[in-house]
Amino acid sequence: MPGMWWVVGTVLAVGLVAAYLIWTAGRVERLQARAESATRALDAHLLRRAAAAAVLAERRYGVELYAAARIALDAVPEEREAAENDLTRQLRAVELDPDDPAGEAVIAASRRLALARQVHTDLVRDARTARGRPLVRLLRMGRRHDWPQYFDIDDPTVTTRADVTTG
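Residues numbered from 1 in each chain as written. Predicted model: local features only at pLDDT ≥ 70, side-chain atom pairs only at ≥ 80, totals over all residues. Heavy atoms only, no water.

## Some points on the environment of Asp126
- Tracing the backbone shows Asp126 in helix 4 (residues 101-132).
- Side chain to side chain, Asp126 and Arg125 meet in a polar contact 3.4 Å long. (Helix = DSSP H or I, 4+ residues; strand = E, 2+ residues; numbered from the N terminus. Polar contact = N/O pair within 3.5 Å; in protein donor to acceptor, adjacent residues only side chain to side chain.)

And the structure:
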């Protein structure tokens, strides 16, 4: 009988370790999926802002803003951060009118983009932290996915004429 307790204790310990490993692998997968989803959402917001900026430039602000918006819309992934930062600089150089529908579209898209960028950064950080844990690396739990990447752009919020006069 005393030897049976060792067997029960060993089975229990193995079961607990297995449950922990399954839980950890599930957590890594969930965080990875959320980071990938946030990347797709960020990309959609980047495209919306660039499209709104192109419409605004066609109506009002001219060639430089339009060129920056088109470059951001057409940028390949390796050039995307630089193109988006250039678009942000171009948008900051113009005084956006929140009463103009095209200006309001750019302002709203920029605000949503800022929120999407923050969510993306938080989820990528969490996924990278989970994947960087020694046990996760040792067991290669995240090997099916690419390493989550930050998208490093300037704060995309823009100032409006109303912000300048009240600030």
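Back to the text.
## Focus on a positive patch on the surface
- A cluster of basic residues, Arg27, Arg30, Arg34 and Arg133, forms a positive patch on the protein surface.
- Take Arg133: it is sitting in the loop between helix 4 and helix 5 (134-138).
- On the basis of relative accessible area, Arg133 is assigned to the partly exposed category, the value being 48%. (Patch = residues over 30% accessible without salt bridge, like charges linked within 9 Å, V, L, I, M, F, W, Y side chains within 5 Å. Areas by Shrake-Rupley, 256 points an atom, 1.4 Å probe, with all protein chains shown as cover. Salt bridge = Lys/Arg side-chain N within 4 Å of Asp/Glu carboxyl O. Lys, Arg positive; Asp, Glu negative; His and termini not counted. Charge placed at Lys NZ, Arg CZ, Asp CG, Glu CD. Buried < 20%, exposed > 50% of the residue type's maximum accessible area, 1.4 Å probe, protein only.)

## With respect to a nonpolar patch on the surface
- Together, Tyr20, Trp23, Leu135, Leu138 and Leu139 make up an exposed nonpolar region whose accessible area comes to about 540 Å².
- Every element with two or more residues in the nonpolar patch is listed here: helix 1 (2-61) and helix 5.
- Looking at the element boundaries, Leu139 is found in the loop between helix 5 and helix 6 (161-166).
- Classification of Leu139 by relative accessible area gives partly exposed; the value is 39%.

## Quick word on the environment of Trp23
- The topology assignment puts Trp23 in helix 1.
- What makes Trp23 partly exposed here is its relative accessible area of 49%.
- Placed 60 residues apart in sequence, Trp23 and Ala83 show a C-alpha to C-alpha distance of 40 Å.

## Side note on the side chain of Arg49
- By the element assignment, Arg49 lies in helix 1.
- Residue contacts for Arg49: discarding those within four places in its chain leaves Glu84, Leu87, Thr88, Leu91, Ala109, Ser110, Leu113 and Pro156. (Contact = heavy atoms within 4.5 Å.)

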